[in-house]
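Structure assessment
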There are 6 protein chains.
Amino acid sequence: MFPNDKVKSLIGSKVQIEMKGEKFTLEGTLEIVDDYLNLHLINTTEIVDGERTRALGSVLVRGNNIILVNPVNE
Amino acid sequence: MFPNDKVKSLIGSKVQIEMKGEKFTLEGTLEIVDDYLNLHLINTTEIVDGERTRALGSVLVRGNNIILVNPVNE
Amino acid sequence: MFPNDKVKSLIGSKVQIEMKGEKFTLEGTLEIVDDYLNLHLINTTEIVDGERTRALGSVLVRGNNIILVNPVNE
Amino acid sequence: MFPNDKVKSLIGSKVQIEMKGEKFTLEGTLEIVDDYLNLHLINTTEIVDGERTRALGSVLVRGNNIILVNPVNE
Amino acid sequence: MFPNDKVKSLIGSKVQIEMKGEKFTLEGTLEIVDDYLNLHLINTTEIVDGERTRALGSVLVRGNNIILVNPVNE
Amino acid sequence: MFPNDKVKSLIGSKVQIEMKGEKFTLEGTLEIVDDYLNLHLINTTEIVDGERTRALGSVLVRGNNIILVNPVNE
């Protein structure tokens with residue numbers, strides 16, 4: 001499965017997304033993703049240094065600023 | 001709805017935009033957005049560390065430097 | 001008006017451009033802009049932490065490294 | 001062999017990936033890679049300052065944020 | 001003149017190039033430039049905090065990591 | 001010669017590559033390079049603050065994260 005198809009297979013699941021810049025993580029349910037890895041998360045929480053710092057709800061994430069996508073095993 | 005269509009559905013609403021680099025947030029009303037997530041905000045305020053630091057009015061934002069778009073529930 | 005058309009409508013006007021990296025601002029008159037937001041500013045001044053630090057004259061700016069474009073009301 | 005073909009030749013092998021931002025390394029087995037260097041790693045470990053800091057399992061990595069790919073000789 | 005044509009008009013002249021990342025400047029003679037602002041400088045000197053820190057000779061610069069191009073008036 | 005052709009003319013020669021992020025340099029023999037400046041180096045050494053810090057052997061480098069390519073005169 002190609003990397004982007006692998007991400008698409010995670011739709012409906014909980015994922016962690018590590019973002020560029022001052023490193024932080026978003027955890028949420030993957031609602032949809034396009035070919036550029038732009039994605040829509042719902043029930044999103046921001047995690048900084050391992051602590052849940054903010055409830056963000058619904059967020060749109062720009063694909064080119066994603067470092068990695070990590071499925072969360074529940 | 002694809003991620004970019006989701007952003008387009010926010011036109012006319014208040015949004016928060018987190019930007020790359022030294023992290024800061026823009027809050028404003030989404031006037032228009034294109035396919036690259038370039039967007040035009042009006043009545044924009046800059047927020048740094050949770051404080052409203054500057055009124056910026058009308059700003060054009062380069063899509064590739066956006067980390068995430070977060071709808072503001074009013 | 002699309003975001004890039006909005007920027008084109010500012011040709012001949014004074015604008016402030018916030019750049020990526022160690023954050024700084026360029027203020028100058030917008031001479032021309034292309035579809036990638038590459039732009040040519042004249043009479044440009046560099047502003048760091050609110051202070052005018054250097055007169056740069058004519059500068060060419062790479063669009064992908066622009067955070068935002070802010071019209072200056074004179 | 002072109003650079004991307006060289007990376008494809010590493011599928012099934014252990015690789016180290018250095019990422020942009022606050023520099024860190026991912027070590028894992030290369031499952032698949034596409035033309036943009038987006039890649040899927042399995043059995044992935046995060047390495048910061050030479051220490052194995054986290055077991056990440058299966059991760060999807062955005063190609064444009066990769067600094068370099070280094071085959072691990074076992 | 002479009003921004004990239006303006007840069008092409010500087011071929012054979014001395015230019016300063018400000019680069020992304022830890023900010024530094026390259027000064028050299030512009031030998032050639034392509035449509036992505038990739039450029040070849042000769043007789044290049046690195047400038048950090050206003051001081052000439054290294055003679056680099058011939059360098060190839062990746063366009064997407066250029067912040068701005070500034071003609072040097074001699 | 002266009003900038004990318006200039007880099008191709010360096011195949012088989014020793015080059016230094018300055019990378020984005022926390023600035024560091026790679027020195028190695030240029031094995032191959034593609035149109036995006038993705039490149040394959042062999043006998044690669046990492047240089048940080050002028051000191052040779054690690055022997056990396058064969059590495060694949062993502063073109064968009066290259067700041068500059070500098071031929072090494074031997």
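As a reminder, the structure under discussion sits directly above these lines.
Residues numbered from 1 in each chain as written. Chains lettered and ligands numbered in written order. Predicted model: local features only at pLDDT ≥ 70, side-chain atom pairs only at ≥ 80, totals over all residues. Heavy atoms only, no water.

1. What to know about the interface of chain B and chain A
- The interface is formed by 23 residues belonging to chain B together with 21 residues belonging to chain A.
- For chain B, the biggest contributors to the area lost against chain A are P3, K23 and I67 of chain B; these three give 31% of the whole.
- Counting the contacts that link chain B with chain A gives one salt bridge.
- Viewed at the interface, chain A and chain B are joined by nine residue pairs in polar contact (both at pLDDT 80 or more).
- Sorting the residues of the side of chain B that touches chain A by element identifies α1 (3-8) and β5 (66-71) of chain B as the ones contributing at least two each.
- Across two bridges, strand β4 (residues 51-61) of chain A lies against β5 of chain B in antiparallel orientation. If you follow L60 of chain A over to β5 of chain B, its bridge partner there is V69 of chain B. (Contact = heavy atoms within 4.5 Å. Buried area = accessible area lost by both parts, 1.4 Å probe. Salt bridge = Lys/Arg side-chain N within 4 Å of Asp/Glu carboxyl O. Polar contact = N/O pair within 3.5 Å; in protein donor to acceptor, adjacent residues only side chain to side chain. Helix = DSSP H or I, 4+ residues; strand = E, 2+ residues; numbered from the N terminus. Pairing = 2+ DSSP bridges.)

2. With respect to the layout of surface pockets
- Its volume calculated, the second largest pocket comes out at about 640 Å³.
- Forming the boundary of the second largest pocket are 26 residues, of which K23, F24, E46 and V48 of chain C together with K23 of chain E lie nearest the centre.
- When residues of the lining of the second largest pocket are traced back to their parent elements, those giving at least two are β1 (14-19), β2 (24-33) and β3 (39-48) of chain C together with β1 (14-19), β2 (24-33) and β3 (39-48) of chain E.
- Sorting elements by how many residues they give to the lining of the second largest pocket places β3 of chain C first, with three residues.
- Across the lining of the second largest pocket, the residue classes break down as seven nonpolar, six polar and 13 charged. (1 Å grid on protein atoms, 1.4 Å probe; cavity = no way out; pocket = protein on both sides within 12 Å on 5 of 7 lines; lining within 4 Å. Points joined across faces, edges and corners; volume = space filled by probe spheres on them. Nonpolar A, V, L, I, M, F, W, Y, C, P; charged D, E, K, R; others polar.)

3. Examining the pairing of strand β5 (residues 66-71) of chain F
Residue and element names in this part refer to chain F.
- Most of β5 is tucked away, with six of its six residues classed as buried.
- Bridge count between strand β1 (residues 14-19) and β5: five bridges; the pairing is antiparallel. Residue pairing across strands places M19 opposite I66, the latter belonging to β5. (Buried < 20%, exposed > 50% of the residue type's maximum accessible area, 1.4 Å probe, protein only.)

4. Here we look at the interface of chain A and chain D
- Taken together, the contact pairs 23 residues of chain A with 21 residues of chain D.
- For the pair chain A and chain D, the two sides together bury roughly 1800 Å², of which 56% comes from carbon and sulfur.
- Counting the surface chain A buries against chain D, the share from its top three residues, P3, K23 and I67 of chain A, is 30%.
- Among the ionic pairs, R54 of chain D bridges to E18 of chain A, the shortest N-O distance being 2.6 Å.
- Between chain A and chain D we count nine residue pairs in polar contact (both at pLDDT 80 or more) in total.
- Broken down by secondary-structure element, the contributors of at least two residues to the side of chain A that touches chain D are α1 (3-8) and β5 (66-71) of chain A.
- Residue contributions to the side of chain A that touches chain D peak at six residues, all from β5 of chain A.
- Split into classes, the residues belonging to the side of chain A that touches chain D amount to twelve nonpolar, six polar and five charged.

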